[in-house]
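These are the residues of each chain, in order.
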Amino acid sequence: VEQKLAPYRSLASISADGYRVEIAGNIGKPEDVEKILEAGAEGIGLFRTEFLYMERQRLPDEEEQFTVYRQILEKMQGKPVVVRTLDIGGDKQLPYLELPSEMNPFLGYRAIRLCLQEQKMFRSQLRALLRASVYGNLKIMFPMIATVDEFRAAKELLYEEKKRLVSSGAAVSETIEIGLMIEIPSAAIIADIFAQEADFLSIGTNDLIQYTVAVDRMNENVSALYQPCHPAVLRLIKMVIDAAKQHGKWVGMCGEMAGDKVAVPILLGLGLDEFSMDASSILKTRAQISKLSKEQLTAHIETILKLATAGDVESYVQKHLTSAE
Ligand code: PEP
Ligand code: MG
């Protein structure tokens, strides 16, 4: 398999009928950069920054973060790098940050909710990112956004820190794109509003599925209900992609679903611009896309979106959408 996929390392991500997409990598540690580059990633679609904060006794300072962000941007040599701000809470805890125990941690005090309260911590991450921005092609996105107010508040803090840095003489890029993760159904449903206020949207299906179907993504007893191809999930994804297009913004996906063999033809047919995934899925997905016709896939979308069950969707894809012929 490796042998057969090797040529795709240096090829563009392009469908059989010439439709161009971007295949990017997800990273959780600086060492992952080499892995995704070796696999032929065209950028980083999700840099999970939690590792900087976990398994240690105190908060990382601004300098330490700046060094890591700068290194990653430099290694990527101008390719896009989407950094997600801290997504802590839920299942991920920090030993030095006392948080109240919660009945429903996944519905609780986490990610952007926590960052907007713990402003000192959040501002230091934003400053580190802003200072690193001149070393590459940085894009920043906020996790777990449920309301437009949160997105505006997060952007406001970023602009404040930028103003402060610039007036103190620091160099900050003027072309940083600001986006958000669409991983809560409320955000997907009003994606048209977010698309007017953001430079890009990135669909986080790991959480979007969990919250749409009300299935804990870690609970094995209900894992059969965790269905990427649930028609409700597909309809939400379509809403998000259509909203982005309508407002001239690009839209990516950084949840596992972006590299899922059954989902890829549907996502391509829907017009997803960027597919971001673990290194191990990149070449397989690029090869798969090269054999599909975007135009043909798009013609099937209306039918697919009317199917009743995830099983129906999977059978349909297997039967009709496996290659361009
Ligand atoms: C997601 O929710 O799809 C996602 C990419 O973020 P994480 O898996 O880190 O929650
Ligand atoms: Mg998530």
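The residue numbers shown here count from 1 along each chain, following its written sequence. Here the convention is simple: chains get letters from A, ligands get numbers from 1, in the order in which they are written. Per-residue local features of the predicted model are confined to residues with pLDDT of at least 70, and side-chain atom pairs are confined, for both listing and counting, to 80 or more; whole-chain, interface and lining totals are unaffected and use all residues.

Caption draft 1: The site of ligand 1, seen in detail. Placing a C-beta atom from the backbone of each residue, we mark the residue near a molecule or strand if the atom is within 6 Å of it. Near ligand 1 the following residues occur: L46, R48, D87, E183, G204, T205, N206, D207, C254 and G255. Listing elements by their share of the shell around ligand 1, those giving two or more residues are β2 (44–48) and α9 (205–213). Each helix is a run of H or I in the DSSP string that is no shorter than four residues. Each strand is a run of E no shorter than two, and both are numbered from the N terminus. If you tally residues by element for the shell around ligand 1, the top one is α9, at three residues. Any residue outside Ala, Val, Leu, Ile, Met, Phe, Trp, Tyr, Cys, Pro, Asp, Glu, Lys and Arg is labelled polar, Gly included; the first ten of those are nonpolar and the last four are charged. In the shell around ligand 1, the residues fall into two nonpolar, four polar and four charged.

Caption draft 2: Broad picture of the pairing of strand β7 (residues 250–253). Paired strands, as defined in this entry, are two strands with at least two bridges between them according to DSSP. As paired elements, strand β6 (residues 200–203) and β7 share four bridges and run parallel to each other. Each bridged residue has a counterpart across the sheet, and for L201 the counterpart in β7 is V251. As paired elements, β7 and strand β8 (residues 274–277) share two bridges and run parallel to each other. Looking across to β8, one finds that M253 is bridged to F275.

Caption draft 3: Examining the UniProt feature "binding site: Mg(2+)" (unreviewed entry) in the protein more closely. UniProt positions are given in the numbering used here, feature names are shortened, and annotations may be inferred rather than shown by experiment. Following the UniProt record, one finds the feature "binding site: Mg(2+)" (unreviewed entry) at E183 and D207. These annotated residues cover 25 residues of sequence, and their C-alpha atoms lie no more than 5.3 Å from one another, placing them together at a single site. By definition, residues are in contact whenever their C-beta atoms, placed on the basis of the backbone, come within 7 Å of each other. Those residues in contact with E183, other than ones at most four positions away along the chain, are M144, G204, D207 and L208. Take D207: it is sitting in helix α9.

Caption draft 4: Region of the structure containing the environment of E22. Mapped onto the fold, E22 is located in strand β1 (residues 22–27). When the C-alpha positions of E22 and M218 are compared, they lie 29 Å apart, and in sequence the two are 196 residues distant. Not counting chain neighbours up to four residues away, the residues in contact with E22 comprise S13, E42, G43, D273 and E274.

Caption draft 5: Layout of the nonpolar core. Within the largest apolar cluster, 93 residues are counted, with the highest numbers of intra-cluster contacts made by I44, L180, I182, L201, V240 and L267. Ranked by residues supplied to this core, first place goes to helix α10 (residues 231–246) with eight residues. When sequence neighbours within four positions are dropped, the list of residues in contact with L201 reads G179, L180, I182, A191, F194, A195, V240, A244, K249 and V251. The nonpolar core criterion groups buried Ala, Val, Leu, Ile, Met, Phe, Trp, Tyr and Cys residues into a set whenever they are joined through C-beta atoms within 7 Å. We call a residue exposed when 12 or fewer other C-beta atoms sit within 10 Å of its C-beta, buried when the count reaches 20 or more, and partly exposed for counts in between; the C-beta positions come from the backbone.

Caption draft 6: Highlighting the UniProt feature "binding site: phosphoenolpyruvate" (unreviewed entry) in the protein. Look at the UniProt record and you will see "binding site: phosphoenolpyruvate" (unreviewed entry) annotated at R48, R84, N206, D207 and R217. Sequence-distant contacts of R84, that is, excluding residues within four places in its chain, are made with L46, F47, R48, T49, M141, P143 and M181. Within the secondary structure layout, N206 lies in helix α9. Beyond its immediate chain neighbours, meaning those up to four positions away, N206 contacts R217, G255 and E256.

Caption draft 7: View of the sheet that holds strand β3 (residues 80–84). In space, the eight strands of this closed barrel follow the order β1-β2-β3-β4-β5-β6-β7-β8, with parallel pairing throughout. Sheet twist, expressed as the mean angle between neighbouring strand axes with direction ignored, is 25°. Between N-to-C directions, angles span 0 to 180 degrees; the directions come from axes that are lines fitted to C-alpha atoms, helices contributing only their stretch in contact.

Caption draft 8: Highlighting helix α6 (residues 148–167). Expected span, for any helix, means 1.5 Å times one less than how many residues it has. Helix length check: α6, at 20 residues, gives a terminal C-alpha distance of 28 Å against a target of 28 Å (1.5 Å per residue), a fit within 8%. Burial in α6 covers these residues: F151, A154, L158, E161 and K162. Down the axis, α6 shows its buried residues gathered within 105° of arc, on one side only. Of the exposed residues in α6, those oriented more than 90 degrees away from the buried face are D149, R152, E156, K163 and S167. Against the buried residues of α6 lie α4 (111–117), α5 (119–132), β4 (137–142), β5 (177–182) and α8 (191–197). Count one or two residues on from α6 and you reach G169, which has phi positive near 95°. Directions from the helix axis toward the C-beta atoms define the arc.

Caption draft 9: Fine view of the packing of helix α3 (residues 62–75) against α5. Running from amino to carboxyl end, α3 crosses α5 at an angle of 40°, the nearest separation of the two axes being 8 Å. By the angle class used here, α3 and α5 are oblique. Crossing of α3 over α5 shows right-handed handedness. From α3, E62, Q65, F66, Y69, R70 and L73 reach across to α5, where they touch S124, Q125, R127, A128, L129, R131 and A132. In terms of residue class, the contact of α3 with α5 is made up of six nonpolar, three polar and four charged. Working definition: roughly parallel below 35 degrees, roughly antiparallel above 145 degrees, roughly perpendicular at 65 to 115 degrees, and oblique for all remaining angles. Left-handed describes a crossing in which the near helix is turned anticlockwise from the far one by less than a right angle; the clockwise case is right-handed.

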